[in-house]
Amino acid sequence: LYFTTTFAIAALFITAYLLYRQLIKCISMTERLVSAFEYSDFDLSFHHSANEKELRQLSGIISNVIYTHRSKLKELETKLQYFNTLLGRIDFGLMVINKNGEIEWMNSAARTELRMNNPVKVSDLAFFHPDLPPILSNLKAGEIKIITINRSGFSYEIIISAITLTIQGKKLLLVSLKNIQSLVEETEIEAWKKL
């Protein structure tokens, strides 16, 4: 009776200890997974020895989730690079302005045209032309405005138009800036040819 009781208690403690270890390992794996999602770090892997069947199954499931998420993230990054390259190649300026008058994004053509690297607010564009901030602040979707720029005795015009976008519930204004001097020159050349 004493032997059976001692054996049963010892078996109970050993089982409880093994269950506790399994639980701690499961919690640790879950914490690592949550941490990976929190910091977008999907380079971790989960492997367990052959005799830990349940943990091995859980490791396999978590590894599959991480692999799938990593693949989707890479695909999104590739698409983002593709669209950024595409928008960077457009020969007219594009900028995205939020409802607070902050410039969220602009392509390289807009930076070149405005002669500014990273303006933060629409009001910063007064450096380029004093009429530009009020025009952009009051510009409605589908509306077209033209401003004349005078630079060291040379004058040219920029046509400004906009469309509205709603991305993740946030209303944005996509503004295009097109230097129409080259277009005017081409039209004049064509007119002279015809004349």
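Residues numbered from 1 in each chain as written. Predicted model: local features only at pLDDT ≥ 70, side-chain atom pairs only at ≥ 80, totals over all residues. Heavy atoms only, no water.

Engineer: Looking at this structure, I do not really get the packing of aromatic side chains. What am I missing?
Structural biologist: The geometry of two aromatic rings is summed up by the distance between their centres and the angle between their planes. Taken as a whole, this structure holds three aromatic pairs when the rule is applied. Centroid distance Y82 to F83: 5.2 Å. Interplanar angle 65 degrees. Geometry classified as edge-to-face. Residue F83 is classed as partly exposed on the basis of its relative accessible area of 45%. (Phe/Tyr/Trp six-rings, centres within 6.5 Å; stacked < 30°, edge-to-face > 60°. Buried < 20%, exposed > 50% of the residue type's maximum accessible area, 1.4 Å probe, protein only.)

Engineer: Explain the sheet that holds strand β5 (residues 170-179) to me, please; I cannot follow it from the model alone.
Structural biologist: Either a parallel or an antiparallel arrangement is found when strands of a sheet pair, and the pairing is made through backbone hydrogen bonds. If you trace the five strands from one edge of the open sheet to the other, you get β2-β1-β5-β4-β3, paired in antiparallel fashion. At either margin of the open sheet sits one strand with a lone partner, and together these are β2 (103-106) and β3 (144-151). When the angles between neighbouring strand axes are averaged without regard to direction, this sheet yields 25 degrees. (Pairing = 2+ DSSP bridges. Helix = DSSP H or I, 4+ residues; strand = E, 2+ residues; numbered from the N terminus. Axes fitted to C-alpha atoms, helices over the stretch in contact; angles between N-to-C directions.)

Engineer: How do you make sense of the side chain of S176 when you look at a structure like this?
Structural biologist: With respect to the helices, strands and loops of the structure, S176 is situated in strand β5. By relative accessible area, S176 is classed as buried at 15%. Here S161 takes part through its side chain, which lies 2.8 Å from a polar atom of the side chain of S176. With residues near it in sequence (within four places) discarded, S176 still touches F92, G93, L94, I159, I160 and S161. (Polar contact = N/O pair within 3.5 Å; in protein donor to acceptor, adjacent residues only side chain to side chain. Contact = heavy atoms within 4.5 Å.)

Purely geometric stuff here, so don't read any function into it on its own.
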